[in-house]
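Observations on chain architecture
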Amino acid sequence: MEPFTCFMASGFEFRSYIDELYSNDYQKCQEAMICLKNAVIGSNKQKASVVSQGIVPRLITLLTDETVPLELRCDAGIVIGSLAKGANDQVRQLILYGTIHVLLQLIMKKNSEKQLVEICLRALRSIYQYRYAPTDVLHSNNGTLTYLIADLASPSSSIECQSCIANILVPICHSYIEQMLLCQAGAIPLLARLITSNHLVLQTPALKCLASMCFTNRAVSDIVCSTNYDDEMIPDILTRLTSRSQPVEVQLTAARCLTYLHRSGSLGSNDPRIEFKTLPCLARLCTEEFDEDTRATAAETLAYLAEIDSDLQRLAAISNHLINSLNSLLQCTSALPRQGAFRCFASLGANDEDIRKRIIEMDGLMEEVLAGLGDHCPEVRLAAVRCLHSLSRSVQQLRTTFQDHSVWRPLMALLTGQPTNELLTVVTSTICNLLLEFSPAKEPMLESGAVEMLCELTRNQDPALRLNGSWALMNMAFQAEQHVKTKIINTLGTDRIFQLLADSDTRVIMKTLGLLRNLLSNTLHIDSIMSEHSEKVMQAVNLVLDSQHPSEVKEQALCIIGNIGAGAQATDYVMEDENTLRKLGEFLTNKDTKLQAGARFAIGNLIRKNDITAPARRNRLKELGILSRLEESRRQELFGTHVYDEITSLIREFDYMT
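The structure displayed is predicted, hence computed values, not measured ones.

Bringing empty space enclosed by the protein into the picture now. Think of a ball as big as a water molecule: rolled over the atoms, this probe shows where empty space is left. Tallying each qualifying case throughout the model produces two cavities of 30 Å³ or more. A volume near 50 Å³ is recorded for the largest cavity. In terms of lining residues, the largest cavity is bounded by Ile-489, Thr-494, Ile-497, Phe-498, Leu-516, Lys-536, Val-537 and Ala-540. Broken down by secondary-structure element, the contributors of at least two residues to the lining of the largest cavity are α35 (494-501) and α37 (523-545). Of the residues contributing to the lining of the largest cavity, the split by class is six nonpolar, one polar and one charged.

Printed below as a string of structure tokens:
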């Protein structure tokens, strides 16, 4: 056999020590175990040697054999615990050897020595610091979590034992099912007790676990908000823990818990514990007096807290010089602070034009954002695009700052290669804004292949990307020149339009109808497009009108018919489609006001054009009962004066015919 490297460093050969480790003489085995224990502590290289040489099964055997002296069993557990602090490959091997099951069996065994149980818990805690550690092992047996929480983490247990269990619980409650199972096992009362502890080793993991349990889980969050410990409600305990007198990590994690309680819907944005405690605490932790990791996490958490609430965004923007603090975070060289700053800027500027102006006027801000778009870290790139997307909601900035920096170029560059769907979604959302009719970036983007890229995007399997593709094309077509519209419809193709109108996502259908509506505007453009695509367009409109879609979707289809009716020659395509005309009549007396309004708009465009064919059109519509339905709807008197006058005006058009 080859020499065993961890012993060679001490001048011993592998054979003698490996034999002694497998010896039935427990004294010799103990001496070899001590040497092994000393060798692996703090050395990943030595840990790797132990794992690769196949020593782990022997360690497990010694650990689980009740005939082996306790001291030797404990040392075997300590070595396993040391290996569990090694590199990824070593820990993966430990898991493959079934170490987690072995440790749990010893922990759950009623007559196990306390010393051995604590050693096994420490090893288990180390393994579960790795994301790939299987959480189902702990959740598969309902009794496991209950025993850990109720028995081993009871107040009578040692601080070390309670700390281990609190740390083990943190990574096993990320999914909804895991959160609920942990809740059912009695974790919340345990965590309520631990977060009030004077021991930081208990407080910190308990707060982290509580935060994980509440994240996007309204059911758990409601239970947390209604639970008290020592006559104090958990939200009030958490609020107290955000005080400056608490350790920084406690302040930050307590604020995260309150943030998740708010975002889950259990605490309102106007709750004083959110407005006057959580938000100011996070803003304060973003200042330069704290270390980079604290500031980065605080910025990310604050971004999430204020992400969807404009009142919190305005309050945060004036709290503790936050915008200046975030700008200084961008000067950090590491990724996390820059990511947190970009995310927070994106959140602050989501709805308020004044805040966007303050952000974008920060010295060098746009240069930092553009640099972020090319950052080597994917998370920073994504956060920078989110920031840009938020700022792109400003009409003024699209015309000025965005144009000055040619923002569209690096954005389009992000679409090359193999970007993630999440990055693609945010980039294309920003492109949607850049393609609005008042944006100077629209023309150069068209010249750079935006039409082809967006048409391809509508074929993506991700509904969000199909939505952005159709949305951006809709914006591009608005008040566009005829050559642009022709390029869009020829590149996209009428078959693809049909597919988009049959999409499972209603939002995609709405934007596709909006695209058709924008394409079919301007009399010359309408006639040109309909002369080539009339059959497919009318089929597409009827597909929507005959469907079970909501009224707002059908209303868009009716508006398209109205647009076609406004064309100089395209009106005939509507008049020749009896199905469409009958639908217009039915919708006039429909109970839904949106369908009534859409039908009136379409009919108005068909009968108000005073050309040579107008009398024939009015006669045809009268034969189909359109006039009588208009009179019937006027008699219903279920609407205001404005609609009544509109209907009366349409009836008079028919009277003019006679």
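We are not done yet, so read on.
For the rest of this paragraph, the subject is unusual backbone geometry. In the Ramachandran plot, Thr-216 falls in the positive-phi region, its phi being about 55° despite a non-glycine side chain. Its identity as a non-glycine residue notwithstanding, Gln-479 has a phi of 50°, on the positive side. In this fold, Gln-479 is placed in the loop between α33 (463-477) and α34 (482-492). Residue classification places Gln-479 among the exposed residues on the basis of a relative accessible area of 61%.

This next bit is on the packing of helix α26 (residues 378-391) against helix α30 (residues 421-434). Contact geometry for α26 and α30: axes closest at 9 Å, N-to-C directions at 25°. The angle between α26 and α30 places the two elements in the roughly parallel class. In terms of crossing hand, the pair formed by α26 and α30 is left-handed. Of α30, the residues touching α26 (which contributes Arg-381, Leu-382, Val-385, Arg-386, Leu-388 and His-389) are Glu-422, Leu-423, Val-426, Val-427, Ser-429, Thr-430 and Asn-433. Counted by class, the contact of α26 with α30 contains six nonpolar, four polar and three charged residues.

Let us look at the nonpolar core. Counting 224 residues, the largest nonpolar core has Leu-121, Leu-182, Met-213 and Leu-238 as the members making the most contacts within it. If we skip the residues at most four places from it in the chain, Met-213 touches Cys-173, Gln-179, Leu-182, Cys-183, Ala-187, Ile-188, Leu-191 and Val-220.

Under the defined criterion, the tally for this structure stands at 29 salt bridges. Of the charged contacts in the structure, one is a salt bridge between Glu-66 and Lys-109, with a shortest N-O distance of 2.0 Å. Separated by 43 residues along the polypeptide, Glu-66 in the loop between α5 (56-64) and α6 (70-83) and Lys-109 in the loop between α8 (99-108) and α9 (114-127) bring together distant segments of the chain. What makes Lys-109 partly exposed here is its relative accessible area of 35%. In this structure, the salt-bridge partner of Glu-646 is Arg-600, at a minimum N-O distance of 3.4 Å. A residue pair is termed long-range when its members are at least 10 positions apart, and Glu-646 in helix α44 (residues 641-657) and Arg-600 in helix α41 (residues 593-607) qualify at 46 residues.

Another point: helix α11 (residues 142-152). Within α11 the residues assigned to the buried category are Thr-144, Leu-145, Tyr-147, Leu-148, Ile-149 and Leu-152. Buried residues along α11 sit against α8, α9, α10 (136-139), α12 (159-169), α13 (176-184) and α14 (187-194).

Right, let's get into the environment of Asn-351. With respect to the helices, strands and loops of the structure, Asn-351 is situated in the loop between α23 (335-348) and α24 (353-360). A relative accessible area of 47% places Asn-351 in the partly exposed class. C-alpha separation for the pair Asn-351 and Leu-21, spaced 330 residues apart in sequence, amounts to 67 Å. Leave out the neighbours within four places in its chain, and Asn-351 touches Ser-310, Gln-313 and Arg-356. Among the polar contacts listed, one links the side chain of Asn-351 to the side chain of Gln-313, at a separation of 3.0 Å.

Evaluation of the coordinates by the stated rule reveals four aromatic pairs. Taking 5.0 Å as the distance between ring centres and 65° as the angle between the ring planes, the aromatic pair formed by Phe-215 and Tyr-260 counts as edge-to-face. Of this pair, Phe-215 sits in the loop between α15 (200-214) and α16 (218-225) while Tyr-260 sits in helix α18 (residues 248-263), and the two are 45 residues apart along the sequence. Ring geometry for Phe-215 versus Tyr-304: centroids 5.7 Å apart, planes at 40°, classification tilted. Here Tyr-304 lies in helix α20 (residues 292-306) and Phe-215 lies in the loop between α15 and α16, a separation of 89 residues in the sequence. According to the relative accessible area criterion, Phe-215 is partly exposed, its value standing at 33%. Taken together through their ring pairs, the aromatic side chains of Phe-215, Tyr-260 and Tyr-304 make up a single cluster. A cation over a ring is seen here: Arg-263 above Tyr-304, with NZ or CZ 4.2 Å from the ring centre. Against the face of Trp-471 rests Lys-511, its NZ or CZ located 4.0 Å from the ring centre.

Another point: the layout of surface pockets. Counted as a void, the largest pocket has a volume near 1,100 Å³. Taken together, 32 residues line the largest pocket, and the ones lying closest to its centre are Arg-131, His-174, Ser-212, Arg-256 and Tyr-260. Going through the elements one at a time, α15, α18 and α20 are the ones with two or more residues in the lining of the largest pocket. Partitioned by chemical class, the residues of the lining of the largest pocket number 14 nonpolar, eleven polar and seven charged.

Conventions used here
Residues numbered from 1 in each chain as written. Predicted model: local features only at pLDDT ≥ 70, side-chain atom pairs only at ≥ 80, totals over all residues. Heavy atoms only, no water. 1 Å grid on protein atoms, 1.4 Å probe; cavity = no way out; pocket = protein on both sides within 12 Å on 5 of 7 lines; lining within 4 Å. Points joined across faces, edges and corners; volume = space filled by probe spheres on them. Helix = DSSP H or I, 4+ residues; strand = E, 2+ residues; numbered from the N terminus. Nonpolar A, V, L, I, M, F, W, Y, C, P; charged D, E, K, R; others polar. Buried < 20%, exposed > 50% of the residue type's maximum accessible area, 1.4 Å probe, protein only. Axes fitted to C-alpha atoms, helices over the stretch in contact; angles between N-to-C directions. Parallel < 35°, antiparallel > 145°, perpendicular 65-115°, else oblique. Left-handed = near helix turned anticlockwise from the far one by under 90°. Contact = heavy atoms within 4.5 Å. Core = buried A, V, L, I, M, F, W, Y, C linked by side-chain atoms within 4.5 Å. Salt bridge = Lys/Arg side-chain N within 4 Å of Asp/Glu carboxyl O. Polar contact = N/O pair within 3.5 Å; in protein donor to acceptor, adjacent residues only side chain to side chain. Phe/Tyr/Trp six-rings, centres within 6.5 Å; stacked < 30°, edge-to-face > 60°. Lys NZ or Arg CZ within 6 Å of the ring centre and 35° of its normal.

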